Amino acid sequence: MNNRLVILGTNEYQNPLIIRAKELGYETHVFGWKTGAIGEETADVYHDVNIMEYDTLWKEVQKIEPCGVASIASELAMHPMNYLLRKLGIPCNSLETEKIATDKYLMRCAMKKGGVDGPKFVLVDDGFEKDCISEFEYPLIIKPVDLSSSRGVMKINTPAEIDEAIQYAIGWSKKKINVFLEEFIEGAEYSGESIAYDGKYKLLVVTEKATTGAPHFVETGHKQPAKLSLDMLEKVEKTLYKAFAAMGIKYGAVHPEFRITKDGRICFMEIGARMGGDCIGSDLVPISTGYDYMGMVIACGCGRKPNFQKIGKPREARIKYIITKEDYEEYQNIQRDKPEIIVRHSEMGLISDKPILKSADRVGYYITATELESER
């Protein structure tokens, strides 16, 4: 078998995958429309192709005769990736699972059918009858069914706020038809990076999440590993696997987001059939677990069982997003006093006084690695 690997996407969040693939001995053929992104330079061979133009993409990929296809942390790239895997005869998730994983309403329906705990929910449009939520308890959360990264998300505290919130969410939605309304679950936010192969699952680590809070819940930072008891970790693992199976996930990275209430109830927000974005999967997981998570994703994309041998010593991993002047001052202080703990950082944009509505409004980030709490 040859070592030519197709990678979809060229931006800074795909670049760690390109680098890791090269370290593992693959010849990286990176596809994406030309924007001057870093992956265009990092790739062994760059292909200026729109990855959403499937016929053109397949014609170019056929010329390479690759051993596999990979992409990380992108719902957009997940569809052409699975399209290519099917064409190449490499096992991957079904079209139905793909559809469920990118539609929050269908996801909720699948998990309810599979007996997975969750809030009351309903699909609504700008002309919906309020009687359909008469049994719902406030506050509520509204979301577009087809977006991620906190786009179009809003907390609703009273019935008087519903109409405005629906218009806000529909304005963000791609489909512009209906949006997803559910009861708000109070509790700490977490995500769990996992890998699936042939319908079997492995939870690698749980992430503690910090957000701006209501009304839009934009993520401001992540920490791994999460501080959970062994009993709760076992409960999380069992619940996650049940949810993955309910969605029909069989292959590749899995990124569930959930809340744990004060009484120990685990409630899902959503599950992505992909690696967690915002550097969670590509950077934090290898630091906090020692696992080669990107190597596992590549293996799945080549039709091979992932390897769970650790390649590094686990440490505490954090990512902090720059939103305010205080965030930037904290970053500067760490640069001055403890530069050795910073393992990666982005370019820093201009801080704005405008409200933060979505992840793209953040102006930068930095990642740190320190000794685990138990070793200090």
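Description of the structure in this document.

1. Here's the deal with the overall build of the protein
Consideration 1: Counting its regular elements, the protein contains 11 helices and 16 strands.
Consideration 2: At 21 Å, the protein has a C-alpha radius of gyration in line with the 21 Å of a compact globule built from 376 residues.
Consideration 3: On the principal axes, the C-alpha backbone points of the protein span a range of 60 × 50 × 45 Å.
Consideration 4: The proportion of buried residues among the 376 residues of the protein is 55%.

2. Quick word on the sheet that holds strand β8 (residues 179-183)
Consideration 1: In spatial order, the strands read β5-β8-β6-β7; together these 4 strands make up an open sheet with antiparallel pairing. Edge positions in the sheet fall to β5 (121-124) and β7 (154-156), since each of these pairs with one other strand and no more. On average, each strand axis in the sheet is inclined to that of its neighbour by 25°, with strand direction left out of account.
Consideration 2: Bridge analysis of strand β6 (residues 140-144) against β8 gives 5 bridges, and the strand direction is antiparallel. Its bridge partner lying in β8, L140 is registered against E183.
Consideration 3: Its contacts with the sheet place helix α6 (residues 104-113) against β5, β6 and β8, and it is angled at close to 150° to β5.

3. Observations concerning the environment of M269
Consideration 1: In this structure, M269 sits in strand β13 (residues 266-272).
Consideration 2: Sequence-wise, M269 and E257 are 12 residues apart; in three dimensions their C-alpha atoms are separated by 5.5 Å.

4. Concerning the packing of helix α3 (residues 54-64) against helix α4 (residues 75-88)
Consideration 1: The interhelical angle for the contact between α3 and α4, taken along N-to-C directions, is 50°, at an axis separation of 11 Å. Considered as vectors, α3 and α4 are oriented oblique to each other. In this structure, α3 meets α4 at a crossing whose hand is right-handed. Here α3 contributes Y54, D55, L57, W58 and V61 to the contact with α4, which in turn contributes H79, P80, Y83, L84, K87 and L88.

5. Considering the pairing of β6
Looking along a regular strand, one sees the side chains alternate between the two faces of the sheet.
Consideration 1: Counting buried positions along β6 yields 5 of 5 residues, so the element is predominantly enclosed.
Consideration 2: Because side chains alternate across β6, one face comprises the buried residues L140, I142 and P144, and the other comprises I141 and K143, equally buried.
Consideration 3: Note that β6 and β7 share 3 bridges and pair antiparallel. Bridge assignment links I142 to a residue of β7, and that residue is M154.

6. A word on the sheet that holds strand β2 (residues 27-32)
Consideration 1: The strand order across the open sheet built from 4 strands is β3-β2-β1-β4, with neighbouring strands paired in parallel fashion. Every other strand in the sheet has two partners, leaving β3 (45-48) and β4 (68-70) as the edge strands with one partner each. Between one strand axis and the next, the sheet turns by 25° as a mean value, whatever way the strands run.
Consideration 2: The pairing of strand β1 (residues 4-8) with β4 spans 3 bridges and is parallel. Within β4, the residue paired with L5 across the bridge is G68.
Consideration 3: Against the sheet, α3 touches β1, β2 and β3, its axis set at about 170° to β2.

What counts, and where the lines are drawn
Residues numbered from 1 in each chain as written. Predicted model: local features only at pLDDT ≥ 70, side-chain atom pairs only at ≥ 80, totals over all residues. Heavy atoms only, no water. Helix = DSSP H or I, 4+ residues; strand = E, 2+ residues; numbered from the N terminus. Rg over C-alpha atoms; globule rule 2.2 N^0.38 Å. Buried < 20%, exposed > 50% of the residue type's maximum accessible area, 1.4 Å probe, protein only. Pairing = 2+ DSSP bridges. Axes fitted to C-alpha atoms, helices over the stretch in contact; angles between N-to-C directions. Contact = heavy atoms within 4.5 Å. Parallel < 35°, antiparallel > 145°, perpendicular 65-115°, else oblique. Left-handed = near helix turned anticlockwise from the far one by under 90°.

That's the geometry; what it means functionally is another story.
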